[in-house]
Amino acid sequence: MSYRIAPRRVSFDWQETPLHWIPDEPTATHVINVLHLLLPAGERWFVKVFKEALPLVRDEELLKDVKGFMGQEATHSVQHAYVLHHLAEQNLDTGPFIQHVAFLFDVLLGEKPPFGMPLTEREWLRFRLSLIAAIEQFTAVLGDWVLRAEDLDRAEPDPVMLDLLRWHGAEEVEHRSVAFDMYEHCGGDGTARYARRLLGMAVTAPVLFYLWGWGTRYLVRHDPVLAGRLRYSLREHNKAVAKGLLPSWRELGRAVPRYCRRSYHPSQEGSLRRAVDYLATSPAARTAAGALGRAALS
Ligand SMILES: [Fe+2]
Ligand SMILES: [Fe+2]
């Protein structure tokens, strides 16, 4: 039986969420907060690129999955954008950083290749689909990590933020194969398709690594509570990893060679069972399901 992917119309109330939503752990808080910097523009871009590619889809099942994926990613993008408003209300202005992110997705990775690069429309679209498939490898790994991160529970984080991360993480595990299948479907044949998949990862992994470091440094530097008393460093990062508040480098690093195997398929990334179990208990997902049920009855 095929698994149905569909968005959940969640909402979150940020009123009570403190700036350091993992108490006394500003480094871990801001490393995770980089998600809010990258995802609103990034996931909006996924939806745009997929819209461009929809006419190429010749498989009904894939088309259903892709539409479910687009609905989920659009919802993620909007919900993370609300967190940016909340950060601004707490005097952490992310505007200047967001402009760089918007330039990356809207200009450098827009509908036309940048700098007049001599690529056909088809080739440029395939390249961007390969980037999305590679990014989704990491979102699946991170999604599964956040669902398993019991040390994060023990650190007593803000429950609303934890629910946002786990609801999102669970949906990333739910749709872990869709971007890969979309790339494989639209990406041409044989060795060229495989080579472009590798290229997608070769570009994505270092760029994500760089953006994450840059974003964390930005947030730590502009945090009004820290007021310059902390610097983001590898040492501080690794301390948070040792406490189980961030995923290990090893776990993240291993996702790359796994993805580069020719026979790879993401259907075994993470645990769909764990994801579905979380979504059954997530306060935001349950409220959304209840609202849907009430709307159907009225
Ligand atoms: Fe997402
Ligand atoms: Fe995703």
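Residues numbered from 1 in each chain as written. Chains lettered and ligands numbered in written order. Predicted model: local features only at pLDDT ≥ 70, side-chain atom pairs only at ≥ 80, totals over all residues.

Novice: Tell me what's going on with the overall build of the protein chain, and back it up with residues and numbers.
Specialist: Of regular secondary structure, the protein chain possesses 12 helices and zero strands. Going from N to C terminus, the protein chain has its helices and strands arranged as α-α-α-α-α-α-α-α-α-α-α-α. For the protein chain, whose C-alpha radius of gyration is 19 Å, the value lies close to the compact-globule estimate of 19 Å for 298 residues. Based on the C-alpha atoms only, the size of the protein chain along its principal axes is roughly 50 × 50 × 30 Å. Looking at the protein chain residue by residue over its 298 residues, the buried ones come to 40%. (Helix = DSSP H or I, 4+ residues; strand = E, 2+ residues; numbered from the N terminus. Rg over C-alpha atoms; globule rule 2.2 N^0.38 Å. Buried ≥ 20, exposed ≤ 12 C-beta atoms within 10 Å, placed from the backbone.)

Novice: Give a description of helix α1 (residues 26-53) that names residues and reports values.
Specialist: Here α1 contains 28 residues, and its C-alpha end-to-end distance of 40 Å stays within 8% of the 40 Å for a straight helix at 1.5 Å per residue. Helix geometry: α1 is bent most strongly at Leu-39, by close to 45 degrees, with proline Pro-40 lying one to four residues after it. Burial within α1 is extensive, with 23 of its 28 residues counted as buried. (Expected span 1.5 Å × (residues − 1). Bend = angle between axes of the 7 residues up to and from the residue.)

Novice: So, the environment of Phe-138: which residues are in play, and what are the values?
Specialist: Looking at the secondary structure, you find Phe-138 in helix α4 (residues 121-148). Through-space distance from the C-alpha of Phe-138 to that of His-265 is 14 Å; in sequence the pair is 127 residues apart. If near-sequence neighbours (up to four positions away) are discounted, Phe-138 is found in contact with Leu-208 and Ala-255. (Contact = placed C-beta atoms within 7 Å.)

Novice: Tell me about unusual backbone geometry, and name the residues and values.
Specialist: Generally, phi is negative for residues other than glycine and the peptide bonds are trans, each holding for most cases. Positive phi, normally seen in glycine, also occurs at Asn-91, with a value near 65 degrees. Following the sequence through the fold, Asn-91 ends up in the loop between α2 (60-89) and α3 (95-108). The phi torsion at Glu-156 lies on the positive side, around 55 degrees, for a residue other than glycine. Along the polypeptide, Glu-156 turns up in the loop between α5 (150-154) and α6 (159-174).

Novice: Hey, could you go over the packing of α1 against α3 for me, with residue numbers and the actual values?
Specialist: Where α1 meets α3, the closest approach of the two axes is 9 Å, and the angle between their N-to-C directions is 20 degrees. The angle between the axes of α1 and α3 places the two elements in the roughly parallel class. The element α1 and its partner α3 pack so that their crossing is right-handed. Residues Leu-37, Leu-38, Ala-41, Gly-42 and Trp-45 of α1 pack against Phe-97, Ile-98, Val-101, Ala-102 and Phe-105 of α3. (Axes fitted to C-alpha atoms, helices over the stretch in contact; angles between N-to-C directions. Parallel < 35°, antiparallel > 145°, perpendicular 65-115°, else oblique. Left-handed = near helix turned anticlockwise from the far one by under 90°.)

Novice: Help me get a handle on the environment of Gly-116, residues and values and all.
Specialist: Its location among the elements puts Gly-116 in the loop between α3 and α4. Along the backbone, Gly-116 and His-30 are 86 residues apart, and their C-alpha atoms lie at a distance of 37 Å.

Novice: Got a sec to walk through the environment of Arg-128? Specific residues and values, please.
Specialist: Assignment of secondary structure puts Arg-128 in helix α4. According to the C-beta neighbour criterion, Arg-128 is buried, with 24 such atoms within 10 Å. The spacing of Arg-128 and Ala-81 is 47 residues in sequence and 23 Å in space, taken between C-alpha atoms. Look past the residues within four positions of Arg-128 in its chain and what remains in contact with it is Val-49 and Leu-109.

Novice: Explain the nonpolar core to me, using residue names and the numbers behind them.
Specialist: Core analysis: the biggest nonpolar cluster contains 66 residues, and Leu-129, Ile-132 and Met-182 have the highest contact counts within it. Looking at this core, the element that brings in the most residues is α1, giving 14 residues. (Core = buried A, V, L, I, M, F, W, Y, C linked by C-beta atoms within 7 Å.)

Novice: Describe the packing of α2 against helix α7 (residues 178-186), listing the residues and the values that go with them.
Specialist: Following both chains from N to C, one finds α2 and α7 inclined at 130 degrees, their axes separated by 10 Å at the closest point. It follows that α2 is oblique to α7 by the angle criterion. Once α2 is placed against α7, the crossing between them reads as left-handed. Across the interface between the two elements, Leu-62, Asp-65, Val-66 and Phe-69 from α2 touch Val-178, Asp-181, Met-182 and His-185 from α7. Here the residues of the contact of α2 with α7 are counted per class, giving five nonpolar, one polar and two charged. (Nonpolar A, V, L, I, M, F, W, Y, C, P; charged D, E, K, R; others polar.)

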